[in-house]
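Analysis of the macromolecular model
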Amino acid sequence: MSTASIKRGIVAGIDGSDSALGAAQWAASIAHLLHEPLYLTHIVPDGAVDADSDAALTTAADAVHAARPDVAVERTVGSGRTADALMQRSESARVLVLGHTTTTEWESMITRSDVVHTANHAPCPVATWRGEPAPAAVDDRPVVVGVDGTDLSSKAVEHAFEFADLAGAPLVAVHTWKEHSTLTYGEGSRFSDWSAFREHRTAMLAENLAGLSEQYPDVEVTYSVERGKPDVVLLEQSANAQLVVVGSHGRGALASAVVGSTSQGLIHHAKCPVLICRN
């Protein structure tokens, strides 16, 4: 969300579903925070005649106006393959917001879910909004961000700090580790006292985020350093959060299924919206 000097507008995909309607209302609250216009976008397949486009867009626009009358709303109809059309819109958007996917992770691998594909490849941050108990608007619950030390993780942290600052919400920085990733891993490591290691990692995490903490002094930051898989830990954190922010390496569907994709797991199972950041 820190690309305001380059990109403009919040784009929400509208397909007539209840999930897309909820996503549009949530997107309006983001547009309100960022003082951006909201573009409600419906995609029609090439060669198809879609008489429902206007009805879907009108319903979404009415819901947005009722909740956020101060947000400027524009309605657009695109054509082509849904994922490709959304990717094109994302090139000029500040944030793209989509309703949750109804496919399973296995089905996403086989059929290439439009939501998963767009979230893992779009040049702008992509927020995926899930139904209940997902929030209808931005609130003061924590923003959770996954931190793993990569460049993409750094981008996610920047966006998370900005969102938390605008929302007046606390930030929870989550870092995970597994035993085999440490130098102390061995047959006896399962019996080790990990408290010293956790304190060391927490200090490193705080040091790495110190610059952004100074840039956003009003954001209350807590650090959660836990042993376990990042997708499992972040899913647990999502139950009490208003947003989870992660980076995505943009793996292909097959690679994600084989090696595991934190972002894809969150798209399918998180209890709150997920913001996936790439560039």
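For the structure, see preceding data.
Residues numbered from 1 in each chain as written. Predicted model: local features only at pLDDT ≥ 70, side-chain atom pairs only at ≥ 80, totals over all residues. Heavy atoms only, no water.

**Some details on the environment of Leu 235**
Stated formally: Helix numbers and strand numbers start at the N terminus; a helix is a DSSP run of H or I with at least 4 residues, a strand a run of E with at least 2. Two residues qualify as a contact provided that any one of their heavy atoms is within 4.5 Å of a heavy atom in the partner residue.
Positionally, Leu 235 belongs in helix H9 (residues 230-238). In the structure, Leu 235 is positioned 27 residues away from Thr 262 in sequence and 9.5 Å away in space, judged by C-alpha atoms. Among all residues touching Leu 235, those that are not within four sequence positions of it are Gly 265, Leu 266, His 269 and Ala 270.

**Re the packing of helix H1 (residues 18-34) against helix H6 (residues 151-167)**
Rule in force here: Note on definitions: angles span 0 to 180 degrees between N-to-C directions of axes, and those axes are lines fitted to C-alpha atoms, for helices only across the stretch in contact. The cut-offs work like this: below 35 degrees is roughly parallel, past 145 is roughly antiparallel, 65 to 115 is roughly perpendicular, and the gaps in between are oblique.
Interhelical geometry of H1 versus H6 gives an angle of 85° and a closest axis separation of 10 Å. By the angle between their axes, H1 is roughly perpendicular relative to H6. Here H1 contributes Trp 26, Ile 30, Leu 33 and Leu 34 to the contact with H6, which in turn contributes Glu 162, Phe 163, Leu 166 and Ala 167.

**Some details on the pairing of strand S1 (residues 10-13)**
As a reminder, the rule being used: Buried, partly exposed and exposed residues are distinguished by accessible area as a fraction of the type maximum, computed with a 1.4 Å probe on protein chains only: under 20%, between the cut-offs, and over 50%, respectively. When DSSP locates at least two bridges between a pair of strands, those strands are taken to pair. Viewed with both strands pointing away, a crossover whose connecting path from the first strand over the helix to the second turns clockwise is right-handed.
Side chains Ile 10 and Ala 12 of S1 all project onto a buried face; the interleaved residues Val 11 and Gly 13 project onto the opposite face, where all are buried too. Of the strand pairs in this sheet, S1 and strand S2 (residues 38-44) are connected by four bridges, and their pairing is parallel. Opposite Gly 13, over in S2, you have Thr 41 as the bridge partner. Since S1 and S2 lie parallel, the crossover through H1 that links them has a hand, and here it is right-handed. Here S1 runs beside strand S4 (residues 95-99); their pairing, made up of three bridges, is parallel. For Val 11, the partnering residue across the bridge sits in S4 and is Leu 96.

**Here we look at the packing of H9 against helix H11 (residues 262-269)**
As a reminder, the rule being used: Less than a right angle of anticlockwise turn of the near helix away from the far helix marks a crossing as left-handed, whereas a clockwise turn marks it as right-handed. Residues are grouped as follows: Ala, Val, Leu, Ile, Met, Phe, Trp, Tyr, Cys and Pro are nonpolar; Asp, Glu, Lys and Arg are charged; every other residue, Gly included, is polar.
Close contact between H9 and H11 brings their axes to 9 Å; oriented N to C, the two are set at 35°. For the pair H9 and H11, the crossing hand works out as right-handed. Taking contact as the criterion, the partners of Pro 230, Asp 231, Leu 234 and Leu 235 in H9 are, on H11, Thr 262, Gly 265, Leu 266 and His 269. Split by residue class, the contact of H9 with H11 holds four nonpolar, three polar and one charged.

**A word on the sheet that holds strand S10 (residues 274-277)**
One open sheet accounts for ten strands, arranged S3-S2-S1-S4-S5-S10-S9-S6-S7-S8; its pairing is mixed. With partners counted over all chains shown, the strands left at the sheet margins are strand S3 (73-79) and strand S8 (221-227), one partner each. Here the strands of the sheet are splayed against their neighbours by 25° on average, with no regard to which way each runs. In terms of strand pairing, S2 meets S3 through seven bridges, oriented parallel. In the strand pairing of S3, Val 44 is matched with Ser 79. Set on the sheet, helix H7 (residues 195-208) makes contact with strand S7 (171-177) and S8; between it and S8 the angle comes to about 140°.

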